[in-house]
Amino acid sequence: MSVQVIRTKDDLRAALRPRRRAGETIGLVPTMGYLHDGHLALIRAARERCDVVVMSLFVNPTQFREGEDLESYPRDEERDLALAEEAGADIVYAPSVEDVYPNGFATWVEVGGGLTDVLCGDPGRRGPDHFRGVTTVVAKLFNTVEPDASFFGQKDAQQAIVIRRMARDLDFRTEIVTVPTVREPDGLAMSSRNTYLSPADRERAPALYRALRTAQEAVEGGASLDDALADARRVLTEAGIEPEYLEARYADDLTPAAAFDGRPVLVAVAARVGAARLIDNVVLGPPSEAETPAE
Ligand code: PAF
């Protein structure tokens, strides 16, 4: 295996220092592992743009709420290393929890501005602490890797928007690249959590994307956002799915969108389908910073 596996931030810094000094550009692909084609698309996008590709592999405990699937989150490091190498990663940074969160860890990175307490961040859902965990670990990765570009999936649209804001507000020098969602042939967005779906639930799950496409087509046909969401909701109901949320929000600041005002609109859905909590989204209107295509 030629991919280099590094376990500590000190070793990672030491490995990257000469590469940076030699003028090489560094791309970062943060992951929690159990790689699927969506992750591989991020690695390939990084490979195309950067001289050195670092993939982090760390199931970040601070972004899981109590009672969520931290313990059961799927893990298979050997498989991940083989897939990461095949997709073009040079280094896999797979630290221990202690390396990331040393004893007495007490510093958090929190994004406000109404970006982290809506949609998945609503306190009745995953809550803002979920995003606090994400931004804290990603800020730490930015500090350790000092990447020229960092790659995130459009499937986690809210996460990408929150990280983009954090990077801007805290002057991280990395470019945030959002890579389009990779889907199964029936439209289901790829996710490590799809492994939780029973065969029957796997059949129902593509209704999320069907609902989003229904909303998109309704809007393209001249329907209001409200009517488009109602159409989408019907598709979910027919599949026996009660969404946690199905909402239209402006993609730049996540305020509720009642009508098009020239800004792109994020239509986002989350739903529990059997044992899996699934999320998906489409962006309607002009191309936005919410879905900056990978070049
Ligand atoms: O999207 C994910 O897998 C995680 O939220 C991330 C960005 C790797 C942070 O733990």
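Caption draft 1: The environment of Arg168, seen in detail. Inspection of the secondary structure puts Arg168 in helix α6 (residues 157-169). Judged by relative accessible area, which is 58%, Arg168 ranks as exposed. C-alpha separation for the pair Arg168 and Leu254, spaced 86 residues apart in sequence, amounts to 16 Å. In terms of polar contacts, Arg168 uses its side chain to reach the side chain of Asp169, at 2.8 Å.

Caption draft 2: The arrangement of the site of the ligand in detail. Close contacts around the ligand come from Pro30, Thr31, Met32, Asn60, Gln63, Val134, Val137 and Gln159, and that covers them all. Between Gln63 and the ligand, the recorded distance is 2.6 Å, taken from a side-chain N or O atom to an oxygen atom. With respect to the ligand, the side chain of Gln159 contributes an N or O atom lying 2.7 Å from an oxygen atom. Here the ligand, which alone exposes 290 Å², has 88% of that area covered by the protein. For the shell around the ligand, the secondary structure elements donating two or more residues are β2 (26-31) and α5 (128-145). Split into classes, the residues belonging to the shell around the ligand amount to 4 nonpolar, 4 polar and no charged.

Caption draft 3: Structural detail: the packing of aromatic side chains. As enumerated under the stated definition, the model contains 5 aromatic pairs in all. Judged by centre distance (5.8 Å) and plane angle (80°), the rings of Phe64 and Tyr73 are edge-to-face. Comparing Phe64 with Tyr73 shows no difference in burial state: the two are buried. Taken together, a centroid distance of 4.9 Å and an interplanar angle of 85° make the contact between Tyr101 and Phe105 edge-to-face. Here Phe105 falls in the partly exposed class, since its relative accessible area comes to 26%. Through a chain of ring-to-ring contacts, three or more aromatic side chains come together here, namely Phe58, Tyr101, Phe105 and Trp108.

Caption draft 4: Molecular detail of the layout of surface pockets. Put simply, the second largest pocket is a space of about 240 Å³. Around the second largest pocket, the lining is made up of 16 residues, and of these Leu57, Phe58, Val59, Arg75 and Pro95 lie nearest the centre.

Caption draft 5: Representation of the sheet that holds strand β9 (residues 276-284). If you trace the 3 strands from one edge of the open sheet to the other, you get β7-β8-β9, paired in antiparallel fashion. Two strands close off the open sheet at either side, each with one partner strand: β7 (243-250) and β9. Put simply, the sheet's adjacent strands are angled 10° from each other on average, direction ignored. In this structure, strand β8 (residues 265-273) lies alongside β9, joined through 9 bridges in antiparallel fashion. Note on β9: the bridge partner recorded for Ala268 is Asn281. Each of β7, β8 and β9 touches helix α8 (residues 207-220); the most contacted strand, β9, lies at about 20° to it. Its contacts with the sheet put helix α9 (residues 225-238) on β7, β8 and β9, and the angle it makes with β7 is roughly 155°.

Cut-offs and rules
Residues numbered from 1 in each chain as written. Predicted model: local features only at pLDDT ≥ 70, side-chain atom pairs only at ≥ 80, totals over all residues. Heavy atoms only, no water. Helix = DSSP H or I, 4+ residues; strand = E, 2+ residues; numbered from the N terminus. Buried < 20%, exposed > 50% of the residue type's maximum accessible area, 1.4 Å probe, protein only. Polar contact = N/O pair within 3.5 Å; in protein donor to acceptor, adjacent residues only side chain to side chain. Near = heavy atom within 4 Å. Areas by Shrake-Rupley, 256 points an atom, 1.4 Å probe, with all protein chains shown as cover. Nonpolar A, V, L, I, M, F, W, Y, C, P; charged D, E, K, R; others polar. Phe/Tyr/Trp six-rings, centres within 6.5 Å; stacked < 30°, edge-to-face > 60°. 1 Å grid on protein atoms, 1.4 Å probe; cavity = no way out; pocket = protein on both sides within 12 Å on 5 of 7 lines; lining within 4 Å. Points joined across faces, edges and corners; volume = space filled by probe spheres on them. Pairing = 2+ DSSP bridges. Axes fitted to C-alpha atoms, helices over the stretch in contact; angles between N-to-C directions. Contact = heavy atoms within 4.5 Å.

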